[in-house]
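# Chain and residue survey
Chain residues, written in single-letter form:
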Amino acid sequence: MQSQPFARRYATTFALIVFFLFCALFLFAYDRHETAARLPNSHAQVVDGVLTLKISADGHFRTPGTINGETVIFMLDTGASGVALSDDLARRIGLQPRGRSRVSTANGVADADLVILDELGFGGWQFERVPATVMPQMEDEVLLGMQILRHFEWKQAGGELRLQPAR
């Protein structure tokens, strides 16, 4: 008589364990899918002097890179004039403000700190002493504007952006 309730508790426990393992596996797979859709270029490399980036699910071109040795994600933005990063990222990297400025953004005019990035790199290319703005309430993604992109020729076709140094 007592073996049946024990077996039922054992089966229930086993079913719950399987259920939670399935949920964890589903969440892991979903997270990987979302990351790949947002950053399809996580392993982008320069081949024959050309960096080829695939468009992300939200219509932007992103690529990994570094600022002062810290790994970051750059979003290429031809509508931005300079480089912009978040307050949190600037603190993490240890950037010290060198002044303030009012800047125009897609959301209107905002006050921003001015900083100098000792090193900015992506796709194997390095830039030194890059002026940048630190924007309040910005995500950790770094906007890479025309201040850097003007050094490249780019072609966009078929959901890809091909960058190569300007001649």
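Report follows, based on the coordinates.

## Topic: the sheet that holds strand β11 (residues 160–165)
Here four strands make up an open sheet; going across it, the order is β1-β2-β11-β10 and the pairing antiparallel. Among the strands making up the open sheet, the edge pair consists of β1 (46–47) and β10 (152–157).

## A word on the packing of aromatic side chains
Scanning the model with the defined rule gives five aromatic pairs in all. Judged by centre distance (5.8 Å) and plane angle (75°), the rings of F122 and W125 are edge-to-face. An identical accessibility class is assigned to F122 and W125; each is buried. Between F122 and F152 the ring centres are 5.6 Å apart and the planes differ by 50°, which places this aromatic pair in the tilted class.

## Comments concerning the nonpolar core
Counting 29 residues, the largest nonpolar core has V83, L85, L117, L120, F122 and L144 as its most contacted members. A per-element tally of this core places strand β8 (residues 125–135) first, with five residues. Contact partners of L117, with chain neighbours within four places excluded, come to I67, N68, V83, L85, L95, E128, R129, V130 and A132.

## What about the pattern of salt bridges?
Considering all chains together, one arrives at eight salt bridges under this definition. Between D111 and R102 there is a salt bridge; the shortest N-O distance is 2.9 Å. Residue classification places D111 among the partly exposed positions, given a relative accessible area of 35%. For R102, a relative accessible area of 57% corresponds to the exposed category. As a salt-bridge pair, D118 and R129 come within 3.7 Å of each other at their nearest N and O atoms.

## Quick look at the environment of I93
Within the element layout of this structure, I93 appears in helix α2 (residues 87–93). Each C-alpha atom, one on I93 and one on L117, is 9.6 Å from the other, the two residues being 24 residues apart in sequence. The contact partners of I93, leaving out residues within four places of it in the chain, are I67, N68 and E70.

## Some points on the pairing of strand β6 (residues 100–105)
A regular strand places its side chains so that they alternate between the two faces of the sheet. Examined bridge by bridge, β6 and strand β7 (residues 108–122) share six bridges and lie antiparallel to one another. Among the inter-strand pairings, V103 is bridged to a residue of β7, identified as A110.

Rules of the game
- Throughout, residues of each chain are indexed from 1 in the direction in which the sequence is written.
- Restriction of local features to residues with pLDDT of at least 70 applies here, the model being predicted, together with a cutoff of 80 or more for giving and counting side-chain atom pairs; totals for whole chains, interfaces and linings are based on all residues.
- Excluded from the side-chain calculations are hydrogens and water; all other atoms, namely the structure's heavy atoms, are used.
- Strands qualify as paired when DSSP identifies two bridges or more between them.
- Note on conventions: DSSP H or I runs of at least 4 residues are helices, E runs of at least 2 residues are strands, and numbering of each starts at the N terminus.
- Pairs were defined over the aromatic rings of Phe, Tyr and Trp, the Trp ring being its six-membered one, requiring ring centres within 6.5 Å. Orientation was assigned from the angle between planes: stacked under 30 degrees, edge-to-face over 60, tilted for the rest.
- Burial classification: accessible surface area is computed with a 1.4 Å probe over protein chains only, and a residue below 20% of its type maximum counts as buried, one above 50% as exposed, and the rest as partly exposed.
- Only buried residues count toward a nonpolar core. Its members are Ala, Val, Leu, Ile, Met, Phe, Trp, Tyr and Cys residues joined through side-chain atoms within 4.5 Å.
- Residue contacts follow a heavy-atom distance rule, with two residues in contact if any of their heavy atoms lie within 4.5 Å.
- The salt bridge criterion pairs a side-chain nitrogen of Lys or Arg with a carboxyl oxygen of Asp or Glu, the two atoms within 4 Å.

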